[in-house]
Amino acid sequence: VVVVIKGKRLIVAAVGDSSAALVGRDQDGQPKHQLLVGEHSPTSLAEFERISQWRREFRPRQAMPRFVYDCPDGEMIDVFGEKNGKAVLDKNAEKEADKHDCMVKT
């Protein structure tokens, strides 16, 4: 996690399984927190949708992103499929990745 404070601006960046939260107290002195950056994982539908939305807004001619299991034998297995026009986690993808000896799956 990297945090940069510039004037009144707070910039936070994280990769992998790192996350960042802003912690403090509210006006009544009670503890309060807000998640700034959640974990990035290949099975995070929210992350897939966030990246897809960014692509639609800023790179409309670019291909849609793919989240894949990158297997040692060169096979790339899509983590997400589509159902009724929406992205969904492909429950069979992890089983297929196991067949190809993919070691990292979250």
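S.K.: Could you clarify how one ought to interpret the overall build of the protein chain in this entry?
M.R.: When helices and strands are counted, the protein chain shows 2 helices and 8 strands. Taken over C-alpha atoms, the radius of gyration comes to 18 Å for the protein chain, far larger than the 13 Å a tight globule of 106 residues would show. Structurally, the protein chain occupies a C-alpha span of about 55 × 35 × 25 Å along its principal axes. Within the protein chain, buried positions represent 19% of all 106 residues. Residue pairs in contact within the protein chain that sit at least 24 positions apart in sequence constitute 28% of those at least 6 positions apart. For the protein chain, the accessible surface area stands at approximately 8,600 Å², while carbon and sulfur atoms represent 51% of it. Positive and negative side-chain charges of the protein chain, numbering 17 and 17 respectively, have mean locations separated by a distance of 10 Å.

S.K.: What exactly am I supposed to notice about the pairing of strand 7 (residues 80–83) here?
M.R.: Strand residues, when the strand is regular, have side chains that alternate between the two faces of the sheet. Relative to strand 8 (residues 86–89), strand 7 runs antiparallel, the two being bridged by 4 bridges. Its bridge partner lying in strand 8, Glu82 is registered against Ala87. In textbook terms, the turn of a hairpin is the stretch between consecutive antiparallel strands, and for strand 7 and strand 8 this stretch comprises 2 residues, one of which, Asn84, has a positive phi near 55 degrees.

S.K.: What is the right way to look at the environment of Asp78 in this model?
M.R.: If you trace the backbone, Asp78 turns up in strand 6 (residues 76–78). When the C-alpha atoms of Asp78 and Ala46 are compared, they prove to be 16 Å apart, with 32 residues separating the residues in sequence. A distance of 2.9 Å separates polar atoms of two side chains, one belonging to Asp78 and the other to Arg66.

S.K.: I would appreciate a short explanation of helix 1 (residues 45–58) in the present structure.
M.R.: Structural remark: α-helix, 3.6 residues per turn; residues separated by three or four positions point the same way. In this model helix 1 runs 20 Å from its N-terminal to its C-terminal C-alpha over 14 residues, within 8% of the 20 Å that 1.5 Å per residue would give. Each element contacted by the buried residues of helix 1 is listed here: strand 7 and strand 8.

Calculation rules
Residues numbered from 1 in each chain as written. Predicted model: local features only at pLDDT ≥ 70, side-chain atom pairs only at ≥ 80, totals over all residues. Heavy atoms only, no water. Helix = DSSP H or I, 4+ residues; strand = E, 2+ residues; numbered from the N terminus. Rg over C-alpha atoms; globule rule 2.2 N^0.38 Å. Buried < 20%, exposed > 50% of the residue type's maximum accessible area, 1.4 Å probe, protein only. Contact = heavy atoms within 4.5 Å. Areas by Shrake-Rupley, 256 points an atom, 1.4 Å probe, with all protein chains shown as cover. Lys, Arg positive; Asp, Glu negative; His and termini not counted. Charge placed at Lys NZ, Arg CZ, Asp CG, Glu CD. Pairing = 2+ DSSP bridges. Polar contact = N/O pair within 3.5 Å; in protein donor to acceptor, adjacent residues only side chain to side chain. Expected span 1.5 Å × (residues − 1).

Worth remembering: the numbers are spatial, not functional.
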